[in-house]
Amino acid sequence: MAADRLPVVTPDCSYEEPGLSLDAFERLILVRAWKPYQQKKDRKEFSVHRGLLSHHSVVFRETLQRTPRKNILELPGEDPDIVGSVVYWMYTGKLSQAALDAQGKIPLTLEQLCQVFSFGEKNGIPELRNIAITIFFQKSVQDSISPDTLMRWIYANTLPGSALRRYLVDYMVERCNFLNVENVWQGIAPAAFLLDILARLRMLQKPPSAQPPTRDEWLADKKRVFCERYHDHTPVALPPNEGPVIVDLMDAGLSDDEE
Ligand SMILES: [Zn+2]
């Protein structure tokens with residue numbers, strides 16, 4: 001299939017992550033994660049350097065600073081596979097062992113990338129959100145999958161105005177001719193998604209039936225504007241406590257209990 005051989009498009013982004021502090025690898029923290037509806041005894045555990053957790057996540061940093069003597073960080077309701085990917089990224093800067101598998105495909109699913117993005121949002125890890133949305137774009141382009149297949153998940157698990165919501169809305173506004181959406185989206189499109197599309201069309205002063213650009217034109221434009229529009233390179237700040245997040249991270253604190 002021609003779609004299998006499409007090259008991966010890398011958006012222009014000249015930012016580099018700031019360096020780690022020299023004492024980042026002095027102490028280990030046990031990170032425990034278990035899925036929603038899973039029992040704590042079925043958790044998976046990861047040993048992660050304290051300085052690395054603090055370096056990447058403003059939420060982990062605050063939590064670890066509040067309880068400096070404790071050495072366990074619990075993440076109830078988090079998929080251990082996703083936490084494993086995040087830990088792998090913290091040490092290697094990559095979300096998977098190889099950027100492409102033996103077939104030349106990105107070895108992550110759009111669902112996994114959405115989950116990684118959401119994890120980065122809940123835990124104040126902008127660099128993780130940046131890499132997740134970049135690969136989400138690359139994957140959806142490579143596999144020719146319209147991101148509206150994920151609209152319900154994205155609107156249930158990300159904050160209003162998130163880069164993932166904006167990418168999804170932009171994609172629809174820029175690439176979709178809106179023929180037949182009343183049937184395809186009937187009963188499944190979140191109201192907030194439809195309102196975001198309306199707002200974006202109005203901002204661009206564009207009618208929904210406008211002729212979409214060719215795929216190559218669209219890709220060239222996306223590659224150019226991607227960093228500015230979807231990456232977050234500002235210094236980290238605490239995320240708001242409200243919003244449609246699955247787990248309240250303030251509850252996902254530290255604990256010393258060993259049952
Ligand atoms: Zn960037």
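The rules we used
- Residues numbered from 1 in each chain as written.
- Predicted model: local features only at pLDDT ≥ 70, side-chain atom pairs only at ≥ 80, totals over all residues.
- Core = buried A, V, L, I, M, F, W, Y, C linked by C-beta atoms within 7 Å.
- Buried ≥ 20, exposed ≤ 12 C-beta atoms within 10 Å, placed from the backbone.
- Helix = DSSP H or I, 4+ residues; strand = E, 2+ residues; numbered from the N terminus.
- Contact = placed C-beta atoms within 7 Å.
- Axes fitted to C-alpha atoms, helices over the stretch in contact; angles between N-to-C directions.
- Parallel < 35°, antiparallel > 145°, perpendicular 65-115°, else oblique.
- Left-handed = near helix turned anticlockwise from the far one by under 90°.
- Nonpolar A, V, L, I, M, F, W, Y, C, P; charged D, E, K, R; others polar.
- pLDDT = per-residue confidence, 0-100.
- Pairing = 2+ DSSP bridges.

**Comments concerning the nonpolar core**
Membership of the largest hydrophobic core comes to 46 residues, with the highest contact counts inside it found for Val116, Ala132 and Ile133. Per-element accounting of this core gives the leading share, 8 residues, to helix H5 (residues 126–142). Those residues within four positions of Val116 in sequence are excluded, and the remaining contacts are Ile82, Ser85, Val86, Leu95, Leu128 and Ala132.

**Points about the packing of H5 against helix H7 (residues 163–175)**
Contact geometry of H5 with H7 gives a least axis separation of 10 Å together with a crossing angle of 20°. Considering the angle they form, H5 stands roughly parallel to H7. Where H5 crosses over H7, the two elements pack in a sense that is right-handed. Of H7, the residues touching H5 (which contributes Arg129, Ile133 and Phe137) are Ala163, Leu164 and Tyr167. Grouping the constituent residues of the contact of H5 with H7 by class yields 5 nonpolar, no polar and 1 charged.

**Comments concerning the confidence of the model for the protein**
Mean pLDDT for the protein: 87, with 89% of residues reaching 70 or above. The low-confidence segment residues 238–256 (pLDDT under 50) makes 36 contacts with residues lying over four places distant or belonging to another chain.

**Observations regarding unusual backbone geometry**
One non-glycine residue, Asn180, adopts positive backbone phi at about 75°. Tracing the chain through its elements places Asn180 in the loop between H7 and helix H8 (181–184). Judged by local crowding, Asn180 falls into the exposed class, with 8 C-beta atoms found within 10 Å. Positive phi values are uncommon outside glycine, yet Gln205 reaches one of about 50°. Secondary-structure assignment places Gln205 in the loop between helix H9 (191–204) and helix H10 (215–230).

**Overview of the environment of Val59**
For Val59, the location among the structural elements is in helix H2 (residues 58–66). With 64 residues separating them in the primary sequence, Val59 and Asn123 have C-alpha atoms 5.2 Å apart.

**Overview of the sheet that holds strand S2 (residues 44–49)**
Taking strand neighbours across the sheet as the criterion, the 3 strands line up as S2-S1-S3 in an open arrangement whose pairing is mixed. Where the open sheet ends on each side, the last strands, each with one partner, are S2 and strand S3 (72–76). On average, each strand axis in the sheet is inclined to that of its neighbour by 25°, with strand direction left out of account. Direction of pairing for strand S1 (residues 28–34) relative to S3: parallel, over a ladder of 5 bridges. The partner of Arg32 across the bridge, within S3, is Glu74.

**As for the packing of H7 against H9**
Each pair of packed helices gets described by two things: the angle between the helix axes and the distance between those axes. Two numbers describe how H7 lies on H9: the axes approach to 9 Å, and their chain directions differ by 60°. The two elements H7 and H9 cross, and the hand of that crossing is right-handed. Between H7 and H9, the residues in contact are Arg165, Val169, Asp170, Met172 and Val173 and Asp196, Ile197, Arg200, Leu201 and Leu204, respectively. Across the contact of H7 with H9, the residue classes tally to 6 nonpolar, no polar and 4 charged.

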